[in-house]
Each structure stands twice: as structure tokens, then as C-alpha cells.
Amino acid sequence: MRLFAAVIPPQAAVDELAAEVAQLRAALPERHGRLRWTHPATWHFTLAFFGEVDEARLPELGECLAHAAHRHPAHELRFAGGGRFGGRILWVGATGSLETLAGLARSTVDAARQADVHMDDARPFRPHLTLARVTGRVNLRPYAEELAEFRGRRWRVERLELMRSHLPGTEPRMGAAGERPRYETMAAYPLGTRRAP
């Protein structure tokens, strides 16, 4: 199964960002290509991407992630600013307790290694939430500039979530034209919670 660790924003913050994205889309019509906008129900901050994980590794991975989560306190974030990765991806960033969030991301990578989960692509953590991916040629600079001043409400990160990614075409009734990945929460681990000895 294809797994990753993530922080999921609360619905009120998602709704606020969705309204900002709707205004952005209305103000800047796409030309010479199109943007594949991610759905608000899938919005998350990826802390670590584990890739394909054998189901037999799940109990140990869960134990290690629970331990990682309890080492970091609950903390506050807010959506803030935006940017682009080349001409491919438009994203919104975050501000707030970013050092704590980065520490949590490092701990999730360590947890995977302790659970003998081999990660092919352990990139440095950069907090961002993907809003859209480019098909064809779209100049993302105006979109990123419009997002630069955006500041959302504060919200509290209280748990680390182990997520499963279901890719289109990999399961029955999936793979229809235009279908996007579907994410499923496998487990959630409270931050800052001491485990029983």
C-alpha cells in the first residue's frame, strides 16, 4: 500500500482557503493549457512520503509514528503566502510554529527507518500544500503573486496522520477519465501525548 504521513488542516481553515482559491480562479483565467486543481477534501501537508509499504510493516510503523508524535507538542499554523515549483505546481505555504512542524517531519522519517520502511525519495521538508498542477503551459507567476499576501486563520496541529493513497485505475470502479488520487486515513497519533509505560 502507498503510504505517507501528513498534517490535515481543520475544515474552517480549508473553507477559508477554498474561498481564496475560488477568487483566484475567477480573477486569472487559464491560457495555453490548464491547471488541475486539487480538491479541498484532499488538502494536507505531507510530512514524509513512505511509498509502497508491505502491510506486515504497519504495526511496527504505527508504533514508531506514535512515539514520534508524542515527542512533539501541539502547535499553531496558518496558511500564508504561496509559490510555485517551476512551471509545474502551485502551492500555498504556512507560517507559525514551523520549527516544530519541521521537527515532526524529521521524526516521521526517522520512524519509517526504525520500522524498516525503505523510502526511495526522502526530500528535505518544505511546508506547502499543493493547490494545482499544470497541464500544458500556464504561467504560474501571477497566481503565486496573488497568493503572496494571503494570511489565513490560525489553526492547531494536534495529530499526525498516516495516510493511504489510492491511485486512479488501481482498484475496481476507479480509473475514470479525470479521476484524482483518493486519500484514506489509516491511523492518527496525538501530538505531545505521553504513552503508557
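Now for a quick tour of the structure. (Residues numbered from 1 in each chain as written. Predicted model: local features only at pLDDT ≥ 70, side-chain atom pairs only at ≥ 80, totals over all residues. Heavy atoms only, no water.)

1. Observations regarding the environment of Phe-50
Here Phe-50 is to be found in strand S3 (residues 45-52). Remark: the alpha-carbon pair of Phe-50 and Phe-4, spanning 46 residues in sequence, is separated by 5.1 Å. For Phe-50, the contacting residues outside a window of four places in its chain are Leu-3, Phe-4, Ala-5, Leu-61, Leu-65, Thr-108, Ala-112, Val-117, His-118, Met-119 and Leu-162. (Helix = DSSP H or I, 4+ residues; strand = E, 2+ residues; numbered from the N terminus. Contact = heavy atoms within 4.5 Å.)

2. Digging into helix H3 (residues 98-114)
The terminal C-alpha atoms of H3, which comprises 17 residues, lie 24 Å apart, in line with the 24 Å expected from a rise of 1.5 Å per residue. Turning to H3, its buried residues are Leu-101, Gly-103, Leu-104, Ala-105, Ser-107, Thr-108, Val-109, Ala-111 and Ala-112. The inward-facing, buried residues of H3 contact strand S1 (2-7), S3, helix H2 (58-70), strand S4 (75-85) and strand S8 (159-166). (Expected span 1.5 Å × (residues − 1). Buried < 20%, exposed > 50% of the residue type's maximum accessible area, 1.4 Å probe, protein only.)

3. Quick word on the sheet that holds strand S9 (residues 182-190)
Remark on secondary structure: sheet strands pair via backbone hydrogen bonds, oriented parallel or antiparallel. Read from one edge to the other, the open sheet built from 4 strands follows the order S3-S1-S8-S9, with strand pairing classed as antiparallel. Both edges of this open sheet fall to S3 and S9, since each of them pairs with a single strand only. Each neighbouring strand pair of the sheet contributes to a mean axis angle of 25 degrees, computed without reference to strand direction. In terms of strand pairing, S1 meets S3 through 6 bridges, oriented antiparallel. Within S3, the residue paired with Leu-3 across the bridge is Gly-51. Across the face of the sheet, H3 comes into contact with S1, S3 and S8 while running at roughly 15 degrees to S3. (Pairing = 2+ DSSP bridges. Axes fitted to C-alpha atoms, helices over the stretch in contact; angles between N-to-C directions.)

4. A look at the environment of Arg-164
For Arg-164, the location among the structural elements is in strand S8. Owing to a relative accessible area of 23%, Arg-164 belongs among the partly exposed residues under this scheme. With 113 residues separating them along the chain, Arg-164 and Gly-51 place their C-alpha atoms 9.5 Å apart.

5. A look at unusual backbone geometry
Look at Asp-116: it is not a glycine, yet its phi comes out positive at around 60 degrees. Counting through the fold element by element, Asp-116 comes out in the loop between H3 and strand S6 (129-136). Residue Asp-116 is classed as partly exposed on the basis of its relative accessible area of 41%.

6. Some details on the environment of His-166
Its location among the elements puts His-166 in strand S8. Separated by 163 residues in sequence, His-166 and Leu-3 have C-alpha atoms that sit 9.3 Å apart. One polar contact links His-166 to Glu-184, side chain to side chain, over a distance of 2.7 Å. (Polar contact = N/O pair within 3.5 Å; in protein donor to acceptor, adjacent residues only side chain to side chain.)

7. A short note on the pattern of salt bridges
In this structure the tally under the stated criterion is 4 salt bridges. A salt bridge links Arg-156 to Glu-158, with the shortest nitrogen-to-oxygen separation between them at 3.4 Å. A relative accessible area of 47% means that Arg-156 is categorised as partly exposed. Assessed through its relative accessible area of 45%, Glu-158 is described here as partly exposed. With a closest N to O distance of 3.0 Å, Arg-159 and Glu-161 form a salt bridge. In this structure Arg-159 comes out as partly exposed when scored by relative accessible area, which is 45%. (Salt bridge = Lys/Arg side-chain N within 4 Å of Asp/Glu carboxyl O.)

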